[in-house]
Amino acid sequence: MRFTTIATILSAISSVLASPRHGPYNVTEEVATGIDYICGGDDGAVIYYPDKESASPLISFAHGYKAGGDKMDPSYKTLLEGVASWGYVVIALKSAPDEFCWDETTDQITSLQWIQTSKFAPIVDYEKKTGLMGHSMGGAATHLSAKNLDAVTTYNIGAAVALHPVYVAGSSNVPIFYGTGSNDTVVPPSSVKPQYSATNGVGKVYANIEGATHFEPNTVPPNRWVDFAAAFFDCYLQDSNEGCDTIFGSGESSLCSGDRPVPMEECIF
């Protein structure tokens, strides 16, 4: 009995240490439909927003292959609610529920356009730049959207977070965070790092979590990208010194420092 109790305690401690921290705000989520997405299968999106009186910067999220439709929210709830809890409105498209769609980049940008005239417009802080985020297929969409100068200018895009992104050639035109994992056999680090190397003239990060699989961003723990994604957006969308220090600093809680809170196979900027 004593050993079972100790094991239970250690397991609980390990779970807490591996789990992402929640930001200062509670989060509400709502589903919207009738959005003019072109990937098909679902014309809806889920909007996650912090329960606060002031408006918040906007982030448009693109999901991975076969993770749209009704699978989107349960697949990414930890990531999306987690980022929203740090003070962001996140709109996550549900189109392309079952097919690979290279046009997801268009749908990701459509989300930015649609929300401007929706009932959610008043909770978006349009004095701040907007952000892009995506995983796998959606990571590729995020890179493509970040390359799109017309979209960057029209929607005031200021930063992008591409997690385990399918390979896209060329440079991002906004600061971009490339996240991957040493145990990702779906989109291995060898196809993510060249995207980092090809990006020039903007802030960039390449972080390879030791032991992480392709599904690190999904709802199953540990999901260690939440805080770093939020900090990257804090740095570039909110001009937060604390956010910049978390990503580019050398403190014990910084992404690439020697005392980093998450073990990295490689971490460069």
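Residues numbered from 1 in each chain as written. Predicted model: local features only at pLDDT ≥ 70, side-chain atom pairs only at ≥ 80, totals over all residues. Heavy atoms only, no water.

Trainee: Please explain the sheet that holds strand S7 (residues 176-181) as it appears in this structure.
Mentor: Within a sheet, adjacent strands bond to each other through the backbone by hydrogen bonds, running parallel or antiparallel. Spatially, the 9 strands line up as an open sheet ordered S1-S2-S4-S3-S5-S6-S7-S8-S9, and their pairing is mixed. Of all strands in the sheet, those bounded by a partner on one side alone are strand S1 (27-32) and strand S9 (264-268). When the angles between neighbouring strand axes are averaged without regard to direction, this sheet yields 15 degrees. Where helix H6 (residues 189-198) meets the sheet, it contacts S7, strand S8 (204-209) and S9, and its direction lies at approximately 165 degrees from that of S8. (Pairing = 2+ DSSP bridges. Helix = DSSP H or I, 4+ residues; strand = E, 2+ residues; numbered from the N terminus. Axes fitted to C-alpha atoms, helices over the stretch in contact; angles between N-to-C directions. Contact = heavy atoms within 4.5 Å.)

Trainee: Explain helix H3 (residues 104-115) here, please?
Mentor: Three or four residues apart is the spacing at which side chains of an α-helix point the same way, because the helix has 3.6 residues per turn. Spanning 12 residues, H3 covers 17 Å between terminal C-alpha atoms, matching the ideal 16 Å at 1.5 Å per step. Of all 12 residues in H3, 9 are buried, a share of seventy percent or more. Glu104, Thr105, Asp107, Gln108, Ile109, Thr110, Ser111, Leu112 and Ile115 are the residues of H3 that are buried. At its buried positions, H3 is contacted by strand S3 (58-62), strand S4 (89-93), strand S5 (130-135), helix H4 (137-147), helix H5 (149-154) and strand S6 (157-163). (Expected span 1.5 Å × (residues − 1). Buried < 20%, exposed > 50% of the residue type's maximum accessible area, 1.4 Å probe, protein only.)

Trainee: How should I be thinking about the state of the cysteines in this particular structure?
Mentor: With the rule as written, the count across this model stands at 3 disulfides. Between the sulfur of Cys39 and that of Cys101 lies a disulfide, 2.1 Å long from S to S. Its S-S torsion of about -80 degrees marks the bond between Cys39 and Cys101 as left-handed, since a negative value means left-handed. Taken together, the residues span a long stretch of sequence, with Cys39 in the loop between S1 and strand S2 (45-50) and Cys101 in the loop between S4 and H3 at a distance of 62 residues. Side by side, Cys39 and Cys101 carry an identical accessibility label, which is buried. At a sulfur-sulfur separation of 2.0 Å, the disulfide partner of Cys235 is Cys244. With the S-S bond torsion at 90 degrees, the cross-link from Cys235 to Cys244 turns out right-handed. When its relative accessible area of 7% is taken as the criterion, Cys235 is described as buried. Ordering the disulfide-forming cysteines of the protein by sequence position, one finds them joined as 1-2, 3-4, 5-6. (Disulfide = S-S within 2.5 Å.)

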